[in-house]
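The lines below spell out each chain.
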Amino acid sequence: MPGITVPYGYGNKRVDLDQLDNYETWSKLHPEFKRRVKAMFVAANGHVGVGTGWRSSDLQKAVFLQRHVVSSSGKIHWDGKSWALKSGMAPAAPPGMSFHEGVNNGMAMAIDVVGDVAWADDHAQQFGLVQFAAVNHEPWHFQCAELPHGFSSWVKAGRPQPTNLAGSPSRAPQPTPAPTPSKARPQLHLGDRGPDVAAMQGLLIRASAMVDKPANQDGIFGQGTQAALQRFQSSHQLAPDGVCGPRTWQALGG
Ligand SMILES: [Zn+2]
């Protein structure tokens, strides 16, 4: 689309739409995702552009560390610690948890837009994109509509290659790993904490028993998690005792 320039980065730079592939942050995006974002940029006629697309894990770490502090009451768990967002800062995912890092055969599948973000929010759906305002308070963040809202649910589901995306990845899809045998999972109940609780919460999210948001996968078995587990049990012919034992783990697929 010759002639159209888009805002690029967080200064006042503009780049011709056809020249974006000269920049790593754009060139390392999944081709189908790129196609959709480009269509949106064309429709926006130069008013929407790219802040960041692909970013390295090192950069993701730097961004995360700049915006978060270690805090015992923090809701984000990474590197063995709890983290809270610094006041006035925009959230960023910890390294290894962002679609900006190469997840789909090394290709990134998220973009932070600059320019008329409100326009992009209003029109994203038409281009097969979904924005993150409701999920993680990041209204500038867009990814393909088919993707799960959170990286954690993607990982918990065995990182399947997206099947509904046109222009499929060059490598054959990876088989989904077999779920961990139920016997490896401890019985969990109200008050428990840790990775097994987070795994169970991820499975409850995948089963649509809980909304997919970071606070719902904090590794803490609280009242909300218990209520979600009981809803899941009731709808799966299990005694709704709010305790995650072998049969519930099995029903969850974990
Ligand atoms: Zn983003």
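These numbers come from a predicted model, not from an experiment. (Residues numbered from 1 in each chain as written. Predicted model: local features only at pLDDT ≥ 70, side-chain atom pairs only at ≥ 80, totals over all residues.)

Caption draft 1: Molecular detail of the overall build of the protein chain. Secondary structure summary: the protein chain contains nine helices and nine strands in total. Put simply, the protein chain has 254 residues, and 35% of those count as buried. (Helix = DSSP H or I, 4+ residues; strand = E, 2+ residues; numbered from the N terminus. Buried ≥ 20, exposed ≤ 12 C-beta atoms within 10 Å, placed from the backbone.)

Caption draft 2: Fine view of helix 2 (residues 31-44). A rise of 1.5 Å per residue sets the reference length of helix 2, with its 14 residues, at 20 Å; its end C-alpha atoms lie 20 Å apart and thus fit the reference within 8%. Those residues of helix 2 that fall on the buried side of the exposure criterion are Glu-32, Phe-33, Lys-34, Arg-36, Val-37, Met-40 and Phe-41. Close packing links the buried residues of helix 2 with strand 1 (5-7), strand 3 (48-52), strand 7 (110-115), helix 4 (117-123), strand 8 (129-132) and strand 9 (138-144). Positive phi shows up at Asn-45, right after helix 2, with a value of about 55°. (Expected span 1.5 Å × (residues − 1). Contact = placed C-beta atoms within 7 Å.)

Caption draft 3: How the structure looks around the confidence of the model for the protein chain. The predicted model of the protein chain averages 82 in pLDDT, with 81% of residues at 70 or higher. Counting interchain partners and residues more than four positions distant, the pLDDT-below-50 stretch residues 167-182 has 19 contacts. (pLDDT = per-residue confidence, 0-100.)

Caption draft 4: Quick look at the sheet that holds strand 5 (residues 76-78). Spatial ordering of the open sheet is given by 4-6-5, a layout of three strands whose pairing is antiparallel. Of all strands in the sheet, those with a lone pairing partner are strand 4 (68-70) and strand 5, marking the two edges. For this sheet, the mean angle separating the axes of adjacent strands, direction not counted, is 40°. Pairing analysis gives three bridges linking strand 5 to strand 6 (residues 81-85), with the strands arranged antiparallel. Looking at the pairing, His-77 lines up with Ser-82 of strand 6. (Pairing = 2+ DSSP bridges. Axes fitted to C-alpha atoms, helices over the stretch in contact; angles between N-to-C directions.)

Caption draft 5: Examining the pairing of strand 3 more closely. Burial of strand 3 is extensive: four of the five residues sit out of reach of the surface. In terms of strand pairing, strand 3 meets strand 7 through four bridges, oriented antiparallel. Each bridged residue has a counterpart across the sheet, and for Gly-49 the counterpart in strand 7 is Val-114.

Caption draft 6: Expanded view of the nonpolar core. Of all hydrophobic cores here, the largest spans 25 residues; its most connected members are Met-40, Val-50, Met-109, Ile-111 and Val-113. When residues of this core are traced back to their parent elements, those giving at least two are helix 2, strand 3, strand 7 and strand 9. Membership of the second largest hydrophobic core comes to 16 residues, among which are Ala-199, Phe-221, Leu-229 and Cys-244. (Core = buried A, V, L, I, M, F, W, Y, C linked by C-beta atoms within 7 Å.)

Caption draft 7: Inspection of the environment of Phe-64 at higher detail. Following the sequence through the fold, Phe-64 ends up in helix 3 (residues 57-67). A sequence separation of 21 residues divides Phe-64 from Leu-85, and the C-alpha atoms of the two residues are 9.1 Å apart. What Phe-64 contacts, discounting residues up to four positions off in sequence, is Ala-92, Ala-93, Pro-94 and Pro-95.

Caption draft 8: Layout of unusual backbone geometry. Although it is not a glycine, Asn-45 adopts a positive phi angle of roughly 55°. Topologically, Asn-45 is positioned in the loop between helix 2 and strand 3. The phi angle at Gln-237 is positive, at roughly 55°, despite the residue not being glycine.

Caption draft 9: Structural detail: the sheet that holds strand 3. Strand order in the open sheet formed by four strands is 3-7-9-8, and the pairing between neighbours is antiparallel. Strand pairing shows two members of the sheet lacking a second neighbour, strand 3 and strand 8, which therefore form its edges. Strand-to-strand twist of the sheet, defined as the mean angle between neighbouring strand axes without regard to direction, takes the value 45°. In the packing of helix 2 onto the sheet, contacts are made with strand 3, strand 7, strand 8 and strand 9, and the angle to strand 3 comes to roughly 135°.

Caption draft 10: Spatial organisation of helix 3. Buried residues of helix 3: Gln-60, Val-63 and Phe-64, and no others. For helix 3, the arc enclosing every buried residue in end-on projection is 100°, short of the 170-degree limit, so these residues lie on one face. Structural note: helix 3 exposes Asp-58 and Gln-66 on the side pointing more than 90 degrees away from its buried face. Among the structural elements, strand 4 are those in contact with the buried residues of helix 3. (Arc of directions from axis to C-beta.)

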